[in-house]
Amino acid sequence: MEGFNDVIGLDNLGVPALGIMSNRMTEAQVGKIARWAKQVGSGRVTLMFDCDPGGVEGAKEALWYFAEQRLDVRLAWSPSMHGGAFAGKQPEALTREEVEQFLASGTPS
């Protein structure tokens, strides 16, 4: 996630999340998240940045960083994934039904 509102929104729906407070990650953030993913997340990270141009650029960069750490990194959404249904959306705006749709498809974790 990018921000604290995204984290709070998903937490309210029962989905654990971590916010980086930007759409760009620092090396220190990559290192910490990679360490946590390996310790408690089975080496898996699912990215759900805002589904807008800035979020897409940040997600591309984060995908690369986490792949370099040899993590199982997944992209939850993009403007073209899921038939474009989430283009322009932010994670904080997701409904319970949309989260259940993601979980049923096995996309986010």
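Here is what the cut-offs are and how they apply
Residues numbered from 1 in each chain as written. Predicted model: local features only at pLDDT ≥ 70, side-chain atom pairs only at ≥ 80, totals over all residues. Heavy atoms only, no water. Buried < 20%, exposed > 50% of the residue type's maximum accessible area, 1.4 Å probe, protein only. Helix = DSSP H or I, 4+ residues; strand = E, 2+ residues; numbered from the N terminus. Arc of directions from axis to C-beta. pLDDT = per-residue confidence, 0-100. Polar contact = N/O pair within 3.5 Å; in protein donor to acceptor, adjacent residues only side chain to side chain.

In this structure, what is going on with helix 4 (residues 96-105)? I would like to understand it.
For an α-helix the count is 3.6 residues per turn, leaving residues at separations of three or four pointing the same way. If you check which residues of helix 4 are buried, you get Glu98, Val99 and Phe102. Projected down its long axis, helix 4 carries its buried residues within an arc of 100 degrees, all on one side. Exposed side of helix 4, more than 90 degrees from the buried face: Glu97 and Ala104 are the residues found there.

Where do I start with the confidence of the model for the protein chain in this structure?
Interpretation of the predicted coordinates at a detailed level should be avoided for regions scoring low in pLDDT. Looking at the protein chain, pLDDT values average 92 and 96% of them are 70 or higher. Of all secondary-structure elements in the protein chain, the lowest mean pLDDT belongs to helix 4, at 81, while helix 3 (residues 53-68) reaches the highest, 97.

Please clarify how the environment of Arg96 should be interpreted in this entry.
Inspection of the secondary structure assignment puts Arg96 in helix 4. Among the residues examined, Arg96 registers a relative accessible area of 40% and is labelled partly exposed. Note: C-alpha distance between Arg96 and Arg44 (52 residues apart in sequence) is 23 Å. Among the polar contacts made by the side chain of Arg96, one reaches the main-chain carbonyl oxygen of Leu13 at a distance of 3.4 Å.

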